[in-house]
Amino acid sequence: MRMTVSYMRWSSKLCSGCTQCWKTRCQAEFRWRLQGNRNYSFLQEDVKSVRGVVSPDISKIRNIGIMAHIDAGKTTTTERMLYYAGYTRALGDVDDGDTVTDFMAQERERGITIQSAAVTFDWKGHRINLIDTPGHVDFTVEVERALRVLDGAVAVFDASAGVEAQTLTVWRQADKHHIPRICFLNKMDKPGASFSYSVESIKKKLKANPMPLQLPIGSGKCFTGLVDLVTNERLMWHTNSRTDDGRAFKSRPISSTDDPELHKEVKEARSALIEQVADLDDEFAELVLGDFSDNLDLMPLEKLQAAIRRVTLARSAVPVLCGSALKNKGVQPLLDAINTYLPAPNERHHDLLSCYKDDLCALAFKVLHDKQRGPLVFVRIYAGTMKPQSAVYNMSRNTMERMSRLLLPFADQHVEIPSLTAGNIALTVGLKQTVTGDTIVSSKSSAAAAARRAVKTHGKEQFSGREQETLVLVGVEIPEPVFFCTIEPPSMAKLPDLEHALTCLQREDPSLKVKTDPDSGQTVLCGMGELHIEIIHDRIRREYGIETHLGPLQVAYRETILQSVSTTDTLDRSVGDKRHLVTVELGVSPCAEGSSTSAPAISFEDSVEEQLPLDVKEAVENGIQSAYLQGPLLGFPVQDVVTTVYSVSIQPGTSMAMVSACVSRCMHKALKQAGGQVLEPLMSLEITANEEHLGAVLGDLAQRRGCIHEIQSRLDNKVVMASVPLAEMMGYSTVLRSLTSGTATFTLELSSYEAMTAHDQNTLLSRMTGVA
């Protein structure tokens, strides 16, 4: 009875003014509360609907991503943003498994982000389309395809660790796409948190120009607030109340009478900020040296903010803010900074997109599979307007498709909308053929018209043959997998179901590759790491109901050659009454040192290239490329080899398939004669451990053929930078936990492919051929 009364009081308060659907959801939330899975201390009276998201001018739209090393606090920061914007009823927690953006079962169990999740909300008249990205290196493709379509990013740092291994990776990815960033030093409440250390690590490790806009007041348990150097105000949050959700905080100007020491520190830091901005922005420098040279305190706030914005968009410096998302401090100023300093879609330079004018142009950057709706395709709209129940043209696939519905993304909850304009991120239903990286336009004729405008405006010489006909957007770069293993269904009757599941998962995750072993006929999964393949296996079991069996993990080696060889081969075969006769002469040689490449390097003798018809040349190249797929030693792909074609003699009537077969056979012969060399993937390894466990960690690395490059000090810990062969890292997470009593962490990233020693190569050959 007491529980019933309690529920009635709670639900009547919670559902006041809500619709019936909200009452149903509230009841479900109450059950979660009874189970102890959520803390409902900070419940809001009203929660905004995604339908009510403001639709402002394009200058008020912000497309941003949250990126960081694993466990820096990306998802918690996103959760607080949604709460303060009024779109969630309670503060979710990663440890409780009830956050909005980590909605997969695997994410909630492990407490990590696996898939990037998009949410849309508004903050002070601005529409924010936010993507929360994973921090684990196995899911780096999720970061890559998110950054491809975003205009700005928030880089989150653990203030006690500064720049970590995966931070370097995502920072390089953002550099590649020329994305302006804001740095948020999170976890200022953590023991060992250091604002100055983190800023210095950004400067040294990322080679960036940090521009502190805030100073923390205290650190660790004493972190109570921050000082905004731009507005010259102190922001203080309540620390005594257990029920405080960080929504209310006090803001007041800095005064020398309150805290003379803090006032002096702030004055010096603000002067340094103004001086730094003046050095980077000529317009602001004129103000500093002219009208306000006598008293910088009189500098108008709008002028300083505009200058910081210009510097940020030019990527001359990176604004640095601080706070503690878990303790609900500093997130609202971060949202203000996103509005103030990060670019709108029309401030990003997409010159060629202006050639589409009002015609639709969008890029598909992510695919999800829904059991009811089918494939859901995330698109970034660059030009024009997207509407449901309309036909669109996929330029990358050269096919027309019909889009049935248009949705606004909010993690795993989507809201149907009638249209969406340029600069936004949408979710479409009905695009059956579209995959990651495809360009979508309104029609084939509009694409051709845009291409003609581009050629007319920019000149013909800037475009390749295809681009002169259609302007295809640059797709998403997909890294090559480094791990593989076999996967088998529980019975042959389940094989079609498994093939369907793998097809769907491949479309969702382009970094997952599935192939069939030509010898055994087994299905082989190729992924980015142990965790990646483990997650795929778990998803097949849960989402598709198939209890599959995984074979042992294998390493994706490569092969190359040691010396230059030339050889000839002749194919003479009669099919029916038709004779096919081809003679090929070609040579293979190792790449020059420092010019490593995984793509086939093919060249023709000048006299041969001039005489060969186009179809024959394509057949020769196809034969060479097929030979590169299977090396002579272990059948792994070949790289770092240059092939030169000296002559091709063909009898009239010979099919192009026979030409490719002859060239491929000649290539295999040449590769065998050139002497094979196995290349193994070498990983960059970064281990963070206590000093007392350092000896055990280094001793274990020595047994794994590891090479130590550097040992750094990071506050109370030691950071080991090393390179280790991937083959030696199987099950390393378990070993490291045992060696360090669970206190150490590590990250792995593919560095390069290196030649194995003769002894190691012979051992590998013996093991894989079954001789040992």
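Let me sum up the structure you'll find in this document. Along every chain, residues carry numbers that run from 1 in the direction the sequence is written. Owing to the predicted nature of the model, reporting of local features is limited to residues with pLDDT of at least 70; listing and counting of side-chain atom pairs is limited to 80 or more, with chain, interface and lining totals taken over all residues. Computation of side-chain values covers all heavy atoms of the structure but excludes hydrogens and water.

**Some thoughts on the overall build of the protein**
Consideration 1: We count a stretch as a helix when DSSP gives it H or I for four or more residues in a row; a strand needs E for two or more, and each element gets its number in order from the N terminus. The number of helices and strands found in the protein is 20 helices and 35 strands.
Consideration 2: Accessible area is worked out with a 1.4 Å probe on protein chains only. A residue is then buried under 20% of its type maximum, exposed over 50%, and partly exposed in between. Looking at the protein as a whole, 52% of its 772 residues are labelled buried.
Consideration 3: When contacts within the protein are restricted to residue pairs at least 6 apart in sequence, long-range pairs at least 24 apart make up 72% of them.
Consideration 4: Per-residue accessibility takes into account occlusion by the displayed protein chains alone, with areas from the Shrake-Rupley method and a 1.4 Å probe. A total accessible area of about 34700 Å² is found for the protein, and carbon and sulfur atoms account for 49% of it. By definition in these notes, contact holds between two residues if any of their heavy atoms fall within 4.5 Å.

**Quick word on the packing of helix H8 (residues 260-280) against helix H9 (residues 282-289)**
Consideration 1: At a closest axis distance of 6 Å, the pairing of H8 and H9 adopts a crossing angle of 130 degrees. When the interaxial angle is binned, H8 and H9 end up oblique. As H8 packs across H9, the resulting crossing turns out to be left-handed. For the pair formed by H8 and H9, the contact residues are Ile274, Val277, Ala278 and Leu280 on the first element and Asp282, Phe284, Ala285 and Val288 on the second. To obtain each axis, a line is fitted to C-alpha atoms, and for helices this fit is confined to the stretch in contact; angles are then taken between N-to-C directions over 0 to 180 degrees. For this classification, under 35 degrees means roughly parallel, over 145 means roughly antiparallel, 65 to 115 means roughly perpendicular, and everything else is oblique. For a crossing to be left-handed, the near helix must be turned anticlockwise from the far one by less than a right angle; the clockwise case is right-handed.

**Focus: the side chain of Thr169**
Consideration 1: As for its position among the elements, Thr169 is in helix H6 (residues 165-176).
Consideration 2: In this view, Thr169 contacts Thr140 and Glu749; residues no more than four positions away in its chain are not counted.

**Focus on the packing of aromatic side chains**
Consideration 1: Stacked, edge-to-face and tilted are the three classes for Phe, Tyr and Trp ring pairs, Trp counted by its six-membered ring, which pair at centre distances within 6.5 Å; planes under 30 degrees apart are stacked, over 60 edge-to-face, the rest tilted. This structure, assessed with the given rule, holds seven aromatic pairs.
Consideration 2: Plain terms: the ring middles of Tyr557 and Phe636 are 5.6 Å apart, the flat faces sit at 70 degrees to each other, and that makes the pair edge-to-face. Taken as a pair, Tyr557 in the loop between strand S26 (554-555) and strand S27 (558-561) and Phe636 in the loop between helix H16 (614-628) and strand S31 (641-650) lie far apart in primary sequence, 79 residues in all. When sorted by exposure, Tyr557 lands in the same class as Phe636, which is buried.
Consideration 3: Aromatic ring contacts, followed pair by pair, group Tyr87, Phe121 and Phe410 into a single cluster.
Consideration 4: In this scheme, the term charge over a ring applies when either NZ of a lysine or CZ of an arginine sits within 6 Å of the ring centre and within 35 degrees of the ring normal. Stacked on the ring of Trp171, the Lys or Arg Arg181 has its end atom at 4.5 Å from the ring centre.
Consideration 5: Over the face of the ring belonging to Tyr83 we find Arg247, whose NZ or CZ atom lies 4.8 Å from the ring centre.

**Some details on the pairing of strand S33 (residues 707-714)**
Consideration 1: A strand pair is defined by DSSP finding two or more bridges across the two strands. As defined by bridge partners, S33 adjoins strand S34 (residues 717-725) across seven bridges and the pair is classed as antiparallel. Paired with Ser713 across the strands is Lys718, a residue of S34.
Consideration 2: Between the antiparallel neighbours S33 and S34 lie two residues, among them Leu715 with a positive phi of about 55 degrees.

**A few points about unusual backbone geometry**
Consideration 1: One non-glycine residue, Asn328, adopts positive backbone phi at about 65 degrees.
Consideration 2: Asn328 gets classed as buried once you look at its relative accessible area, which sits at 7%.
Consideration 3: Positioned with a positive phi, Asn398 is a non-glycine residue whose angle comes to about 55 degrees.
Consideration 4: As for its placement among the helices and strands, Asn398 is situated in the loop between strand S15 (390-394) and strand S16 (399-403).
Consideration 5: Using a relative accessible area of 49% as the deciding quantity, one classes Asn398 as partly exposed.

**Quick notes on the state of the cysteines**
Consideration 1: We call a pair of cysteine sulfur atoms a disulfide when they lie within 2.5 Å. Evaluated as defined, the whole model comprises zero disulfides.
Consideration 2: Of all cysteine sulfurs, the one in Cys485 lies closest to Cys526, which takes part in no disulfide; the gap is 8.5 Å.
Consideration 3: You can call Cys526 buried: its relative accessible area is 7%.

**A closer look at the pattern of salt bridges**
Consideration 1: Basic side-chain nitrogens of Lys or Arg form a salt bridge, by our definition, when they fall within 4 Å of a carboxyl oxygen of Asp or Glu. Going through the model one piece at a time under the given rule, you end up with 28 salt bridges.
Consideration 2: Here Glu543 makes a salt bridge to Arg539, at a shortest N to O gap of 2.8 Å. One end of the pair is Glu543 and the other is Arg539, both in helix H14 (residues 530-544) and four residues apart, which spans about a single turn.
Consideration 3: Salt bridges linked by common partners bring Glu680, Arg705, Glu728 and Asp760 together as one network.

**Quick word on the sheet that holds strand S29 (residues 578-590)**
Consideration 1: The sheet built from four strands is open, its strands ordered S28-S29-S31-S30 with mixed pairing. Edge positions in the open sheet fall to strand S28 (565-575) and strand S30 (601-604), since each of these has one partner strand only. Strand-to-strand twist in this sheet, taken as the mean axis angle between neighbours without regard to direction, amounts to 25 degrees.
Consideration 2: The pairing of S30 with S31 spans four bridges and is parallel. Its bridge partner lying in S31, Ile602 is registered against Thr643.
Consideration 3: Together, S30 and S31 form the strand contacts of H16, whose direction differs from that of S31 by roughly 135 degrees.

**A word on the sheet that holds strand S8 (residues 225-228)**
Consideration 1: With antiparallel pairing, four strands are arranged side by side in an open sheet as S7-S8-S9-S10. Each having just a single partner strand, strand S7 (214-217) and strand S10 (249-253) make up the two edges of the open sheet. Direction aside, neighbouring strands of the sheet carry axes that sit 20 degrees apart on average.
Consideration 2: The pairing of S7 with S8 spans four bridges and is antiparallel. Across the sheet, Pro216 pairs through a bridge with Leu226, a residue of S8.
Consideration 3: Contacts between H8 and the sheet are confined to S7, S8 and strand S9 (233-237), with S7 contributing the most and set at about 160 degrees to the helix.

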